[in-house]
Amino acid sequence: EVSSAVFSPDGATVLTASLDKTAKVWCAESGKCLQTLHGHRWDVFSAVFSPDGTMALTTSEDRTAKVWRVESGECLQTLRAQGPRFTSAVFSPDGTLALTASLNPVAQIWRVDS
């Protein structure tokens, strides 16, 4: 099951979050899977691209958000929720910060390691 899907900033690729613990990068034209992002221990609920399309940010039932290098699939950073799981996350317009929201009444800003 796919829980979210977004286009890359240039529209060439699509990023999906899935309940199989992965996020995937797809070629928008051919539909071919280009990269699978493995590392979450539970369902992945949201996935977004950075403004330049080089990084992805995912949130999971495992109470983490992860920053990924899209081209290699490498996990660059893991953000850990202090309470309930993250429900969503986005990059700042310049891609240097991540904003997470969680089920407790908290939104948190994080510096992104790139």
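Residues numbered from 1 in each chain as written. Predicted model: local features only at pLDDT ≥ 70, side-chain atom pairs only at ≥ 80, totals over all residues. Heavy atoms only, no water.

Asker: Looking at this structure, how should I read the pairing of strand 5 (residues 44-49)?
Answerer: Side-chain positions along a regular strand alternate between the two faces of the sheet. The element strand 5 is largely enclosed, with a buried count of 5 among its 6 residues. Where strand 5 lies against strand 6 (residues 55-60), 5 bridges are found, and the strand directions are antiparallel. Residue pairing across strands places Phe 49 opposite Ala 56, the latter belonging to strand 6. Hairpin connection of strand 5 to strand 6: 5 residues between the antiparallel strands, including Gly 53 at a positive phi of 80°. (Buried < 20%, exposed > 50% of the residue type's maximum accessible area, 1.4 Å probe, protein only. Helix = DSSP H or I, 4+ residues; strand = E, 2+ residues; numbered from the N terminus. Pairing = 2+ DSSP bridges.)

Asker: Sorry, what's going on with the sheet that holds strand 5 here?
Answerer: Sheets are built from strands paired through backbone hydrogen bonds, the pairs being either parallel or antiparallel. In space, the 4 strands of this open sheet follow the order 5-6-7-8, with antiparallel pairing throughout. Taken across any chain shown, the strands that pair with only one partner, and hence form the sheet edges, are strand 5 and strand 8 (75-80). Sheet twist, expressed as the mean angle between neighbouring strand axes with direction ignored, is 15°. (Axes fitted to C-alpha atoms, helices over the stretch in contact; angles between N-to-C directions.)

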